[in-house]
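Coordinates in review
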Amino acid sequence: HHWFIKVPTISEDEKFGKIAQWRKKVGEKISAGEKICEVEFDDFTIDLSPEEEESYIAQILHPASPEPIPVGTSICALVSKSEDVEEFKMRHEKRVKDEEYCFSSKDVISVVNHIMKDEKISQDLAKHLFFMARNNFKEIFEAFNSSFEG
């Protein structure tokens with residue numbers, strides 16, 4: 001059983017947040033109310049902490065970066081038991097090695113960002129594409145690869 005922590009909606013004006021820093025690493029135990037990361041918005045910074053009694057970070061989907069992340073985007077996956085961390089990783093290992101392609105996940109994210117900013121795709125679709133690129137899902141690399149070849 002797993003769940004996600006997302007960039008919170010703070011106000012109607014704030015459409016993006018940035019991960020300023022992670023206070024926890026993958027596999028680390030988190031107690032209720034313990035701060036796991038810092039998210040910066042235009043006018044302020046907030047600390048995110050899960051409401052659950054006890055959990056573990058199974059995967060960090062967005063590293064600390066100045067790159068804006070749309071509100072509502074999942075930024076990490078949590079599990080309730082430490083032994084579930086490895087199981088989560090194995091179950092979500094449908095991944096690629098960057099060497100198989102002439103571009104990286106950062107290239108895909110950059111293209112998706114431009115397309116979204118030009119309002120060619122919705123924020124919801126962009127969120128899914130960001131997630132797939134950051135986690136090296138083979139499908140998104142195949143789709144981008146064929147668009148470059150054709």
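**Digging into unusual backbone geometry**
Located in the positive-phi region is E119, a residue other than glycine, with phi close to 60°. According to the relative accessible area criterion, E119 is exposed, its value standing at 71%.

**What about the side chain of T73?**
Looking at the element boundaries, T73 is found in the loop between β7 (69–70) and β8 (74–79). The buried category is assigned to T73, whose relative accessible area is 3%. With near-sequence residues (within four places) excluded, T73 lies in contact with I5, K6, V7, H62 and K127.

**A word on the pairing of strand β4 (residues 37–40)**
Every other side chain in a regular strand lies on the same face of the sheet, so the side chains alternate between the two faces. Pairing analysis gives 4 bridges linking strand β2 (residues 16–22) to β4, with the strands arranged antiparallel. Looking at the pairing, Q21 lines up with E38 of β4. Here β4 runs beside strand β5 (residues 45–48); their pairing, made up of 4 bridges, is antiparallel. Residue E40 lies in a different strand from β5, and its bridge partner there is T45. Hairpin connection, β4 to β5: the antiparallel pair is bridged by 4 residues.

**Thoughts on the sheet that holds strand β3 (residues 29–31)**
Taken in spatial order, the 4 strands make up an open sheet running β1-β8-β6-β3, and their pairing is antiparallel. Edge positions in the open sheet fall to β1 (2–6) and β3, since each of these has one partner strand only. With direction set aside, neighbouring strand axes in the sheet form an average angle of 40°. Relative to β8, strand β6 (residues 54–60) runs antiparallel, the two being bridged by 4 bridges. Paired with I57 across the two strands is L78, which belongs to β8. Helix α1 (residues 83–91) rests against β1, β6 and β8 of the sheet, and its axis sits at about 25° to β6.

Conventions used here
- Residues numbered from 1 in each chain as written.
- Predicted model: local features only at pLDDT ≥ 70, side-chain atom pairs only at ≥ 80, totals over all residues.
- Heavy atoms only, no water.
- Buried < 20%, exposed > 50% of the residue type's maximum accessible area, 1.4 Å probe, protein only.
- Helix = DSSP H or I, 4+ residues; strand = E, 2+ residues; numbered from the N terminus.
- Contact = heavy atoms within 4.5 Å.
- Pairing = 2+ DSSP bridges.
- Axes fitted to C-alpha atoms, helices over the stretch in contact; angles between N-to-C directions.

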